[in-house]
Amino acid sequence: MISSFVGYFVVGVLLFYSGITQAQPEMEHHHHHDHHAMKMDETGMVMNENADKLPEDCSEIRREYQFEVTAGTEYAKPFPGTTFGFSDHQWQVEPCSRITVTFINQDRVRHQWMVHGLPKYLYDQGMFHMEAAGGHRQSGTFIVPSDDRTYLVHCDIAQHMEKGMKAQLVVGRGSGDLWSVPGVSATFERADETMPRWLWGAGLFCLMIAAGLVVVWKARISR
Ligand SMILES: [Cu+2]
């Protein structure tokens, strides 16, 4: 009941959103010279792209990477409990490298490839963000700083991360695996285990009630 209500709400938001993107095809013009670089059209968007500004702690671009990332339900198959997935859930790069990601969406619903925790003086809200409409692709470039760090990459659309669209970008030696990344630190099987554990608790509760009843009954008998 509640979940179907949430479903209607999400569909409503999506319809509203697609209405906005279609009603304003000149959006790209408005944002073209903006500080927060943003490309947007009916195929999706690329936000905070940065192909030339070096992070303060980098004296040069140390390496160039080109990744192709595909998104779709097909990539969820190897991971029980997931619905969506990326073709890769982990990328390893050198510090101070320039990364170009081509993001291909094979599903009908929108998907995002969003990196968090980048320096805020270069990336608004510390993120580089791409969104591809169903059946479309986007391409964008960003530069990572020099420190060893593991960055969260995910799709921010409601429930998509929980359903498998969670990944990590490891710069240098990284700073430890993130929790619940499919194929890296998959804890989705553990999520399934919470069901029996919950049932176990319920069983124990019933047993205690039964024991209590027996005690009361015996007390009445002995009177
Ligand atoms: Cu998604």
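See the structure shown above.
Cut-off values and rules
- Residues numbered from 1 in each chain as written.
- Predicted model: local features only at pLDDT ≥ 70, side-chain atom pairs only at ≥ 80, totals over all residues.
- Helix = DSSP H or I, 4+ residues; strand = E, 2+ residues; numbered from the N terminus.
- Buried ≥ 20, exposed ≤ 12 C-beta atoms within 10 Å, placed from the backbone.
- Contact = placed C-beta atoms within 7 Å.
- Pairing = 2+ DSSP bridges.
- Core = buried A, V, L, I, M, F, W, Y, C linked by C-beta atoms within 7 Å.

A. The overall build of the protein, seen in detail. When helices and strands are counted, the protein shows 3 helices and 11 strands. Mapped in sequence order, the helices and strands of the protein form the string α-α-β-β-β-β-β-β-β-β-β-β-β-α. Out of the 223 residues in the protein, the part that is buried amounts to 25%. Contacts spanning at least 24 positions in sequence make up 67% of the contacts within the protein whose residues lie at least 6 apart.

B. Spatial organisation of the sheet that holds strand 4 (residues 85-86). As summarised here, the arrangement of the 4 strands in space is 4-3-6-9, forming an open sheet in which the pairing is mixed. At either end of the open sheet lies a strand with only one pairing partner, and these are strand 4 and strand 9 (137-143).

C. Region of the structure containing the pairing of strand 1 (residues 38-41). Across 4 bridges, strand 1 lies against strand 2 (residues 44-47) in antiparallel orientation. When the bridges of strand 2 are listed, Lys-39 appears paired with Val-46. Counting the residues that bridge the hairpin from strand 1 to strand 2 gives 2 residues.

D. Spotlight on the environment of Val-181. Here Val-181 lies in the loop between strand 11 (166-171) and helix 3 (188-222). If sequence neighbours within four positions are ignored, Val-181 has contacts with His-89, Gln-90, Lys-166, Ala-167 and Gln-168.

E. Quick peek at the nonpolar core. One finds Phe-103, Trp-113, Val-115 and Val-153 to be the most contacted residues of the largest nonpolar core, which totals 34 residues. Those elements that place two or more of their residues in this core are strand 2, strand 3 (63-72), strand 6 (97-105), strand 7 (111-115), strand 8 (128-132), strand 9, strand 10 (149-154) and strand 11. Trp-113 has contacts with Val-69, Val-101, Phe-103, Met-130 and Val-153, leaving out every residue within four places of it along the chain.

F. The environment of His-111, seen in detail. Inspection of the secondary structure assignment puts His-111 in strand 7. Residue class for His-111 comes out buried when judged on the 30 C-beta atoms lying within 10 Å of it. As for His-111 and Gly-72, which are separated by 39 residues in sequence, their C-alpha atoms are 8.4 Å apart. With sequence-adjacent residues up to four places away left out, His-111 is seen in contact with Ala-71, Asn-105, Ala-132, Cys-155, Ile-157, His-160 and Met-165.

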